[in-house]
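Architecture and fold: a report
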Amino acid sequence: MGAFATTALATAAVAGGFADPVFDAQAVFRLLMGAMAEPGTVADLGARVAAPAPLVPAAAALLAALADGDTPVWMADPAGAGEAAARWLRFQTGAPITEDRAAATFALLPERHDPVGWASFPRGTSDYPDRSATLLLPVRDFAGGDGLVLAGPGIAAERRVAPAGLPEGFAAALAANRAGFPLGVDIVLVCGTAVLALPRSTRVREG
Amino acid sequence: MYVAVKGGEAAIANAHRLLADRRRGDRDVPALTLEQIAGQLSLAVDRVMAEGSLYDPDLAALAVRQARGDLIEAIFLLRAYRTTLPRFGYAAPVDTGRMRIERRVSATYKDLPGGQLLGPTFDYTHRLLDPALAGDAPVEAPERRALAAVEDCPRVIDILDREGLIEGDGDPAGEPGDLTRDPVSYPVGRDLRLQALARADEGFTLALGYSTQRGYGRVHPFVGEVRIGLVDVEVEIPDLGFTVRIGAVRLTECQMVAQFKGSAEEPARFTRGYGLVFGQSERKAMAMSLVDRALRADEFGEERRAPAQDEEFVLEHGDNVQATGFVEHLKLPHYVDFQAELDLVRRLRAEAGQRRAERGEETR
Amino acid sequence: MRTTAMTAAATPGPAYNFAYLDEGTKRMIRRAILKGIAVPGYQVPFASREMPMPYGWGTGGVQVTAAILGPADVLKVIDQGADDTTNAVSIRAFFRKTAGIATTTRTVEATIVQTRHRIPETPLAAGQIIVYQVPIPEPLRFLEPRETETRTMHALEEYGLMHVKLYEDIARHGHIATTYAYPVKVEGRYVMDPSPLPKFDNPKMHRSPALQLFGAGREKRIYALPPYTDVRSLDFEDHPFTVQSFTEPCAVCGARNVYLDEVVTDDRGGRMFVCSDTDHCGTRRAEATP
């Protein structure tokens, strides 16, 4: 770990990690695994980290649990508005922060990020579809938005969700992502300390 | 009434107790010390370190003792310990050109700078069992020479290299892979192949190397040089910007000079096969260098037809810890699957019997 | 960081992390599991570690279990359907020692079931996780030994060879001659090896409410089936998939429509059939004798 200046920013980076790295990481992972296995369900990861804005607590917890030196994290403007968040992530996880979408294992999308840009994140290859990015997209709420009907693995019949604060063209982007199966990105909506996962296997229609 | 077999836990505990008893053997005989194993069975310890991928003679000696001399079991013990160790950093590449040489032979030159140095070799021992070794007869002190300056003993391969008679030594740039940290995806580079071979079972590597000599992927080899000795291990301290010596390891290196290649564009030159293992093990280092060269078939446009040229075959089957686990797992219960097979075989036989009976009726 | 000493308290020895694996390894396995869930039936390569038990004895399942396990979990381990087979006993003891977690033999009490070769007779419930120990994760391996080839076959959905093999069985024997490790197709996309289950258990995988995880340590692969995933055993219209059936009930508990072990009782052809699932059998007997 490199030396860092004792500025307020640096102090914020050192603070706010998991109180119990082993069991917090396990708990966050298990909740996220449940959310991924049952797309559309909301899992509250709990208040386990305190990260600088614009990092949503759930996204910060997810990365604290899963990111490390092997997983570049893409974020917008890591030298500007995202500097404190980037510094926190680097300190807490050791993950390289990247502005190169093609290199990302995780991507911290800004709110209402235009789905047109998602095509440049790794979608895996036909030999290795697992070599794909997981996109973390902040939403305003997990209810109150336009209705989406989900189907596919992890869903007994259909599951209805209505996240509020999605970008324009979200449903169409998810349908396009599903059409490329087994290639594709996996999406985790984050809001407060909670997550809702939409892996590439999920079929989505508006309704 | 039928009662299923129970008491697995007690049976396991009792088996471990019996194993400990057999390991210790006759209590009237003094127990082996780790110093005795490391000092007097040092080639066994070397093999365990090489295939265990961990240079620690004390732990390797402990593993040999714990494994009752079963070296693959000892390698397994060392590997399972190694995997739990944190990585603090990576050593700079060792410089075998600066080896403090204990043995060095070349088959390609009669004499050369630094000379031929037999060292502690079995080579010219007559393999006659020595009754003196049944006891503890005094052993003469060895003849020692003053340590030659390392500069006086250049690597044979470098002599050829300076004349441009052998291919270059590969591209030192780029970070080598580590198959103990990342999953392997084929095709792999020479870095991973060499790592796999250095860890591979000595017997497997030997057999494959031998097979190339018998025509299964022939490489026309000459031993440029085999050298054994101590080499310094240095690590770079990132914050200080220089390297620090953290110790020394004994290595065996084999540079195999192999079949020359040339084309309309390129003049003919020899090619290389490389072997490097922990400790003193010429057999392993030489076999490794043969297989390394055989695995480079694609680089030289050689047709890949033999097992030694097939990297998936070599890498997937050379690890004795994997191999012994999977072969030996066949002794675990499989009765659920066997039941399924029994059921099918009985059914097929019954149906065949019925068909025969029906045919018999028709011809009657 | 809480650690659990593996050695007796008196001897200062190496201390291991909760559930043995270090946190970096767990993170790597966890990421592989998540990708496996996102692409059901696809084998995710992972950097399998050398475990303190032999390859082929459940190192993949053990690594998956170690990566998902938390202090509140209740673990059941079975081998051949039984909790008391030596390897099941050994793996259960490993987790008791390294993670200090509760273990059970009751399927209904377990949050995680690690298994070799069987799926419990008691249907798994939503929220439960079953972890399969897998020796050879590649269903095409017996047709094509090369990883480079089979990977391409999966990429191109080129499964014709598998159907040819099954059909050759029918031509020769009148039946598909695969009785265990019977290949399945997941969500109409990936052909998957279900681990060496008797095909009797294959239907239990189809749309199971439990999360199913598969770990192959030596072969370094993890794959997954989320709950309610479509899992079809390969077959032909004129030769539909069928499971084994036993003519007699369990000699101990009288259960029918369960998988039975054949127990040889003497050397003159004497045999009896008893439940392979020891928990199922024991529970039925307990209920029968109030």
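All values derive from a computational prediction rather than experimental measurement.

Notes on the overall build of chain B
When you go through chain B residue by residue, the secondary structure sums to 12 helices and 4 strands. Taken over the C-alpha atoms alone, chain B extends approximately 90 × 70 × 55 Å along its principal axes. Of all 364 residues assigned to chain B, the portion counted as buried reaches 38%. Counted over contacts in chain B with a minimum sequence separation of 6, partners at least 24 positions apart contribute 66%. Of the accessible surface of chain B, which amounts to about 21,600 Å², a share of 56% is contributed by carbon and sulfur atoms. A gap of 5 Å separates the mean positions of the 48 positive and 60 negative side-chain charges of chain B.

Details of the pairing of strand β11 (residues 221–225) of chain C
Residue and element names in this part refer to chain C. For β11, a buried count of 5 out of 5 residues is recorded, marking the element as mostly surrounded by other parts of the structure. Judged by which residues are buried, β11 turns out to be covered on both faces: Arg-221, Tyr-223 and Leu-225 on one side and Ile-222 and Ala-224 on the other are all buried. Two strands pair when backbone bridges link them, and strand β3 (residues 44–45) and β11 are joined in this way by 2 bridges, in the antiparallel orientation. Across the sheet, Pro-45 pairs through a bridge with Arg-221, a residue of β11. Pairing analysis gives 5 bridges linking strand β10 (residues 211–216) to β11, with the strands arranged antiparallel. Its bridge partner lying in β11, Phe-214 is registered against Tyr-223. Counted along the chain from β10 to the antiparallel partner β11, the turn is 4 residues long, and its residue Lys-220 has a positive phi close to 60°.

A short note on the pairing of strand β7 (residues 129–133) of chain C
All names here are of chain C. Counting buried positions over the 5 residues of β7 gives 5, a clear majority of the element. The two faces of β7 match: Ile-129, Val-131 and Gln-133 on one face and Ile-130 and Tyr-132 on the other face are all buried. Where strand β6 (residues 112–116) and β7 come together, 4 bridges link them in parallel fashion. Residue Ile-112 lies in a different strand from β7, and its bridge partner there is Ile-129.

Overview of the interface of chain B and chain C
Opposite the 44 residues of chain B that make contact, chain C presents 57 residues. Of the roughly 4,500 Å² buried between chain B and chain C, counting both surfaces, carbon and sulfur atoms make up 58%. Linking chain B to chain C there are 5 salt bridges. When the shortest N-O distance is used, the salt bridge between Glu262(C) and Arg346(B) registers 2.8 Å. For the pair chain B and chain C, the interface holds 21 residue pairs in polar contact (both at pLDDT 80 or more). Of all elements in the fold, only α1 (8–24), α5 (71–82), α11 (320–328) and α12 (335–363) of chain B reach the threshold of two or more residues within the side of chain B that touches chain C. Ranked by the residues each element gives to the side of chain B that touches chain C, the list is headed by α12(B), at 13 residues. When the residues that make up the side of chain B that touches chain C are grouped by side-chain class, the tally is 19 nonpolar, 9 polar and 16 charged.

Overview of helix α3 (residues 86–99) of chain C
Helix length check: α3(C) (14 residues) gives 20 Å between terminal C-alpha atoms against 20 Å at 1.5 Å per residue, within 8%. Within α3(C), the full set of buried residues consists of Asn87(C), Ala88(C), Val89(C), Ile91(C), Arg92(C), Phe94(C), Phe95(C), Thr98(C) and Ala99(C).

Notes on the sheet that holds strand β9 (residues 194–198) of chain A
Residues and elements named next belong to chain A. With mixed pairing, the 7 strands of this open sheet are ordered in space as β1-β9-β8-β5-β4-β2-β3. What marks the edges here is a single partner per strand, and that holds for β1 (42–44) and β3 (97–98). Sheet strands touched by helix α3 (residues 57–66): β2 (73–75), β4 (106–108), β5 (134–138), β8 (186–191) and β9. Its angle to β4, the strand with the most contacts, is close to 160°.

Regarding the nonpolar core
Ranked by internal contacts, the top residues of the largest apolar core, which has 96 residues, are Met33(A), Ile33(C) and Leu213(C). Ranked by residues supplied to this core, first place goes to helix α2 (residues 21–37) of chain A with 10 residues. Excluding its chain neighbours within four sequence positions, the residues that come into contact with Met33(A) are Ile33(C), Leu34(C), Ile37(C), Ile68(C), Ile129(C), Leu211(C) and Leu213(C). If you look at the next biggest cluster of nonpolar residues, it comprises 28 residues, including Ala107(A), Trp118(A), Val161(A) and Ala194(A).

Some thoughts on the pattern of salt bridges
Residues and elements named next belong to chain C. Applying the stated rule across the entire model yields 61 salt bridges over all chains. Close ionic contact of Arg-271 with Glu-262 constitutes a salt bridge, the shortest N to O distance being 2.6 Å. Residue Glu-262 is classed as buried on the basis of its relative accessible area of 16%. Of the charged contacts, one joins Arg-268 and Asp-266 as a salt bridge, the two residues approaching to 3.8 Å between their closest N and O atoms. Assessed through its relative accessible area of 27%, Asp-266 is described here as partly exposed.

As for the environment of Gly360(B)
Residue and element names in this part refer to chain B. Here Gly-360 is to be found in helix α12. A relative accessible area of 28% places Gly-360 in the partly exposed class. Separated by 247 residues in the primary sequence, Gly-360 and Pro-113 have C-alpha atoms spaced 88 Å apart.

Observations regarding the domain arrangement of chain B
All names here are of chain B. Examined at the domain level, chain B breaks down into domain 1 (9–82), domain 2 (96–120 + 145–169 + 184–324) and domain 3 (334–364). The C-alpha centroid of domain 2 is placed 29 Å from the C-alpha centroid of domain 1. The interface of domain 1 with domain 2 comprises 14 residues on the first partner and 17 residues on the second. Taking both partners together, domain 1 and domain 2 bury about 1,300 Å²; carbon and sulfur atoms supply 55% of that area. It is Glu-51, Tyr-55 and Arg-79 in domain 1 that bury the most area against domain 2; as a group they hold 43% of the surface buried on that side. Our count for the contact surface shared by domain 1 and domain 2 stands at 2 salt bridges. The residue Arg-79 makes a salt bridge to Asp-319 at a minimum N-O spacing of 3.0 Å. Linking domain 1 to domain 2 there are 8 residue pairs in polar contact (both at pLDDT 80 or more). Mapped onto the side of domain 1 that touches domain 2, the elements with two or more residues apiece are α3 (42–52) and α5.

Each value, and the rule that gives it
- Residues numbered from 1 in each chain as written.
- Chains lettered and ligands numbered in written order.
- Predicted model: local features only at pLDDT ≥ 70, side-chain atom pairs only at ≥ 80, totals over all residues.
- Heavy atoms only, no water.
- Helix = DSSP H or I, 4+ residues; strand = E, 2+ residues; numbered from the N terminus.
- Buried < 20%, exposed > 50% of the residue type's maximum accessible area, 1.4 Å probe, protein only.
- Contact = heavy atoms within 4.5 Å.
- Areas by Shrake-Rupley, 256 points an atom, 1.4 Å probe, with all protein chains shown as cover.
- Lys, Arg positive; Asp, Glu negative; His and termini not counted.
- Charge placed at Lys NZ, Arg CZ, Asp CG, Glu CD.
- Pairing = 2+ DSSP bridges.
- Buried area = accessible area lost by both parts, 1.4 Å probe.
- Salt bridge = Lys/Arg side-chain N within 4 Å of Asp/Glu carboxyl O.
- Polar contact = N/O pair within 3.5 Å; in protein donor to acceptor, adjacent residues only side chain to side chain.
- Nonpolar A, V, L, I, M, F, W, Y, C, P; charged D, E, K, R; others polar.
- Expected span 1.5 Å × (residues − 1).
- Axes fitted to C-alpha atoms, helices over the stretch in contact; angles between N-to-C directions.
- Core = buried A, V, L, I, M, F, W, Y, C linked by side-chain atoms within 4.5 Å.
- Domains from an automatic or database assignment.

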